[in-house]
Amino acid sequence: MFSIVEQIKLSGKGALAKLYQEHRKEFILWAIKSHHCDEDDAKDIYQATIISFYENVMSGQLSELSSSPKTYLFAIAKNKIREMQRTKGKRSTLEENYDIPEEMEEISDPELLRLTMLSLKQIGEPCKSLLQEVYYHQSSMSAIVTKLSYKNEDTAKSQKYKCLIRLRKIFKDLQIKQLGYDRRAGY
Amino acid sequence: MTEEQDIELIELYIQHKLEKPAQESVETRLKTDVAFAQLFRDIKILMEGVTAASREELTNELKTFETELSGAENGKTISFPKQYWPIAIAASIAFVAALIFWLKEENQPAKNLLFSEYYKPYPNVIMLSQRGENEEADKVSGFQKYDQGEYAAAANQFEKLDTKDFSIFFYLGSCYLATKEIDKAILNFGKCLETDNRLNGQAEWYLALCYLYKNDIDKCIRTLEKVIQRGSPYSKSATELLTKIKNPSVE
């Protein structure tokens, strides 16, 4: 039988939905009861936790679980709750059993980031899915060939390069159009 | 080194996948090669942007999934003992009639809430070539505007097309629904439904939402029933929405 990590690697979001459903009720109750979250916050944190789990698996940071998926999820969530409470000016009174580093990366200039997201919207398909497979889902070229029906890995690779160059062009045009100048030197 | 090779190197550096000497070589070039440093900054922000956009999409998918799960939990039905069925049926008919009146006459906010809960713009699933004749250019431009959420501008582009293409009718309907020009939306979804095509299920669902928005509850219910009968991917949402229209206490 495949572990949840293997299942996510094999079937991606399908396995993620199953994982989400499996621990959802218990998680929400736990977040409300033990961490005094309201229901909406509990759900938001659970979603962010599931996404972190997915990203850790796909990036290869998490290749094997030494504990159960539930323990791992709840450990990630504790950090997220602490972060949320810090943001909201609350102090968590709970003891920490785990110390998992915050996996959200520090990002560049938010305005530029917004423009890159907009550029991705503008580029359309099939480039959008291809770039998402490469950079977010971190799929291998062979997996991308199967998933997006490319002829072979070389074709997929060359298409990815072309898409990236197109995305860069859209981004630069938007930068000049929306910010009035090229802010590249600023980050 | 070609630009393609440089990009590959930058990607590996950002993903911490380079050995120490290669890593140091990138760092040296960043200090000495202006064009390389420029390319590095661009690739880095683009990779972050793709990641952020993808994370946002996944979050939205999970939120939709959560709504479905919560809806399913809240939608649990209470069964009556058999001997009370006639009374229950009579009571429910009276209740539905009262509710329809209530939705029609009294409760605009409740209706709007239902509409916004179920309405999500349909994504562009039509792939187009960037090259082509004028008509193709209008289509491409229309779908680009649609992708960017500029629905009024997209509708203008689509209106220029002299076509009987069901997909254009469908996306025109979608544009008008997004801009709340409901009568035009109804007209175009109707045209899409005149022929048998792969967007019939979608067109019927959005048509039902048009009627909901317009507060034409009778037509909304009839259209939702058709969506359910068709067995389209929207059947589940249609059943759920129908339940909520007929039973406002479910939520």
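Check the entry above for the structure.
Cut-off values and rules
Residues numbered from 1 in each chain as written. Chains lettered and ligands numbered in written order. Predicted model: local features only at pLDDT ≥ 70, side-chain atom pairs only at ≥ 80, totals over all residues. Helix = DSSP H or I, 4+ residues; strand = E, 2+ residues; numbered from the N terminus. Buried ≥ 20, exposed ≤ 12 C-beta atoms within 10 Å, placed from the backbone. Contact = placed C-beta atoms within 7 Å. Arc of directions from axis to C-beta. Axes fitted to C-alpha atoms, helices over the stretch in contact; angles between N-to-C directions. Left-handed = near helix turned anticlockwise from the far one by under 90°. Nonpolar A, V, L, I, M, F, W, Y, C, P; charged D, E, K, R; others polar. Core = buried A, V, L, I, M, F, W, Y, C linked by C-beta atoms within 7 Å.

Visitor: If you had to explain the overall build of chain B to someone new, which residues and values would you point to?
Guide: A tally of helices and strands in chain B yields twelve helices and zero strands. Going residue by residue from the N terminus, the α and β elements of chain B occur as α-α-α-α-α-α-α-α-α-α-α-α. When each of the 251 residues of chain B is scored for burial, the buried share is 29%. When contacts within chain B are restricted to residue pairs at least 6 apart in sequence, those whose partners lie at least 24 apart make up 47%.

Visitor: Requested: an account of helix α7 (residues 151–159) of chain B, with residues and values cited.
Guide: Those residues of α7 of chain B lying buried are Y151, A154, A155, Q157 and F158 of chain B. Seen from one end, α7 of chain B has its buried residues packed into an arc of 160°, which puts them on one side.

Visitor: Got a sec to walk through the packing of helix α11 (residues 217–230) of chain B against helix α12 (residues 235–246) of chain B? Specific residues and values, please.
Guide: Residue and element names in this part refer to chain B. Put simply, α11 and α12 touch, their axes get as near as 8 Å, and they point 145° apart. Relative to α12, α11 is oriented so that their crossing is left-handed. When α11 is examined against α12, the residues I217, C220, I221, L224, V227 and I228 are found in contact with a partner set consisting of S235, A238, T239, L241, L242 and I245. A breakdown of the residues in the contact of α11 with α12 according to their chemical character gives ten nonpolar, two polar and no charged.

Visitor: Which residues make up unusual backbone geometry, and what values do they have?
Guide: Residue P126 of chain A is reached from E125 of chain A by a cis peptide bond, and omega for that bond is 5°. One non-glycine residue, K180 of chain B, lies in positive phi territory at about 65°. Within the secondary structure, K180 of chain B is located in the loop between α8 (166–178) and α9 (182–193).

Visitor: Give me the interface of chain B and chain A: which residues, what numbers.
Guide: At the junction of the two partners, chain B supplies 28 residues and chain A supplies 31 residues. The set of elements that each furnish at least two residues to the side of chain B that touches chain A consists of α1 (3–14), α3 (34–74) and α6 (134–147) of chain B. Considering each element in turn, the side of chain B that touches chain A owes the most residues, 22 residues, to α3 of chain B.

Visitor: Lay out the nonpolar core with the relevant residues and their values.
Guide: Looking at soluble globular proteins, one finds that nonpolar side chains tend to be buried together. Residues C175, F189, A208 and C210 of chain B are the most contacted members of the largest nonpolar core, which totals 37 residues. Listed by contribution, the elements that provide at least two residues to this core are α6, α7, α8, α9, α10 (200–214), α11 and α12 of chain B. Top contributing element to this core by residue count: α10 of chain B, with nine residues. Aside from chain neighbours lying at most four places away, what touches F189 of chain B is F170, G173, A203, Y206, L207 and C210 of chain B. Listed in part, the 25 residues of the second largest apolar core include L120 and A156 of chain A together with I10 and V50 of chain B.

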